[in-house]
Amino acid sequence: MINVILFASIRETLGTQDLQVSVPQPLSVAALVQHLGQTQSVQWCEELGRDNVLVAINQAMVSFDHVVQCDDEVAFFPPVTGG
Amino acid sequence: MTTIIRVQAQVFDPGAEIHQLGVVSRQVGAVTSFIGLVRDINEQAGVSGLYLEHYPGMTEKQIALIIHEAAQRWQVLAATVIHRIGALVPADPIVFVGVASQHRGDAFHACEYIIDFLKTRATFWKKEQTQTGDRWLTTRDSDVDTAAQWTSGSR
């Protein structure tokens, strides 16, 4: 299982904090977004596919072509605004 | 190097943190600090409050990485970063960055580097409460540009 977690505006827009996703084999982050668009709603694909959305796997920043493995924690979030 | 990273709801005591940085080693000759406060005017006027959320675990890792980078560029004997989360109001202290070094140049530069990258890489998100409703803040281009100056070689 892949553990997908969402933060800030993305969490609020999609109304979901975290989600367990089962996929048949390892896939890229971009393919995971497509998968979520099909299994959840098309809104997931739109929201997570925005240009400024950031992704972290196991709490380290990665690009959307990074491959997600089983048991990975995949976080999607908007640009940060702390400090 | 002594590193303290705390993400907390409660207020911090800058005096106590600065004191602590000064006593980590007898080599310390300079302590610099930065304190960020909540502004009452941001992208829109009339901010009545702020709510801050973060990504527990990743936030601390990102801050540790930024401190590590600063310590590779300058001599850093100790660094402390404290960032508040939860509900805050204008004028509340929101972030503390402190650096101890042998000399002031290293302490000033490392402190500025850490706050500049904390703003663009540490996983915090601010939501403002205004008279016209709540809204998530967006990243300021000027913050991105400021951080980029450190890596482009112009600083």
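For every chain, the first residue of its written sequence is number 1, and the numbers climb from 1 along that sequence. Key to labels: chains lettered from A, ligands numbered from 1, both in the order written. Totals for whole chains, interfaces and linings use every residue, but because this is a predicted model, local features are given only for residues with pLDDT of at least 70 and side-chain atom pairs only at 80 or more, for both listing and counting. Working from all heavy atoms in the structure, the side-chain values ignore hydrogens and water.

1. Focus on the packing of helix α3 (residues 104–121) of chain B against helix α4 (residues 141–152) of chain B
Residue and element names in this part refer to chain B.
Consideration 1: Remark: α3 packs on α4, axes separated minimally by 9 Å, with the N-to-C direction vectors making an angle of 130 degrees. Looking at the two axes, α3 sits oblique to α4. Handedness of the α3/α4 crossing: left-handed. Judged by residue contacts, His109, Glu112, Tyr113, Asp116, Phe117, Lys119 and Thr120 of α3 engage Asp143, Val144, Thr146, Ala147, Trp150 and Thr151 from α4.
Consideration 2: Note on residue classes: Ala, Val, Leu, Ile, Met, Phe, Trp, Tyr, Cys and Pro are nonpolar, Asp, Glu, Lys and Arg are charged, and everything else, Gly too, is polar. Looking at the contact of α3 with α4 residue by residue, the classes come out as five nonpolar, four polar and four charged. To obtain each axis, a line is fitted to C-alpha atoms, and for helices this fit is confined to the stretch in contact; angles are then taken between N-to-C directions over 0 to 180 degrees. Every helix listed is a DSSP run of H or I at least four residues long, and every strand listed is a run of E at least two residues long, numbered separately from the N terminus. Any angle from 65 to 115 degrees is called roughly perpendicular, while one under 35 is roughly parallel, one over 145 is roughly antiparallel, and all others are oblique. Note on convention: near helix rotated counterclockwise from far helix by under a right angle means a left-handed crossing. Clockwise means right-handed. It only takes one pair of heavy atoms within 4.5 Å for two residues to be counted as in contact.

2. Some thoughts on the interface of chain B and chain A
Consideration 1: Counting residues at the interface gives 25 residues for chain B and 20 residues for chain A.
Consideration 2: Accessible-area loss on putting two parts together, using a 1.4 Å probe and summing over both, is the definition of buried area adopted here. Across the chain B to chain A interface the summed buried area is about 1800 Å²; carbon plus sulfur atoms make up 54%.
Consideration 3: Here, a salt bridge means any side-chain nitrogen of Lys or Arg that lies within 4 Å of a carboxyl oxygen of Asp or Glu. If you look at where chain B meets chain A, you find two salt bridges.
Consideration 4: For B:Glu53, the salt bridge goes to A:Arg11, with nearest N and O atoms at 2.7 Å.
Consideration 5: Any N or O atom pair separated by 3.5 Å or less is treated as a polar contact, with the protein-specific requirement of one donor-capable and one acceptor-capable atom, and with residues adjacent in sequence counted only for side-chain atom pairs. At the junction of chain B and chain A, the tally comes to 14 residue pairs in polar contact (both at pLDDT 80 or more).
Consideration 6: Across the side of chain B that touches chain A, the residue classes break down as 11 nonpolar, eight polar and six charged.

3. Details of the pairing of strand β6 (residues 93–101) of chain B
Residue and element names in this part refer to chain B.
Consideration 1: Within β6, nine of the nine residues are buried, which leaves the element mostly enclosed by the surrounding structure.
Consideration 2: By this definition, two strands are paired if DSSP reports at least two bridges between them. In this structure, strand β2 (residues 30–37) lies alongside β6, joined through eight bridges in antiparallel fashion. Paired with Gly36 across the strands is Val95, a residue of β6.
Consideration 3: Pairing between strand β4 (residues 78–84) and β6: six bridges, direction antiparallel. If you follow Ala78 over to β6, its bridge partner there is Ala100. Burial here depends on accessible area, computed with a 1.4 Å probe over protein chains only, as a share of the maximum for the residue type. Under 20% is buried, over 50% is exposed, and the range in between is partly exposed.

4. Focus on the packing of helix α2 (residues 58–73) of chain B against α3(B)
Residue and element names in this part refer to chain B.
Consideration 1: Interhelical geometry of α2 versus α3 gives an angle of 150 degrees and a closest axis separation of 9 Å. In this structure, the crossing between α2 and α3 has a hand that is right-handed. Where α2 approaches α3, its residues Gln62, Ile63, Leu65, Ile66, Ile67, Glu69, Ala70 and Arg73 are matched on the opposing element by Ala110, Tyr113, Ile114, Phe117, Leu118 and Arg121.
Consideration 2: Among the residues making up the contact of α2 with α3, the classes are represented as 10 nonpolar, one polar and three charged.

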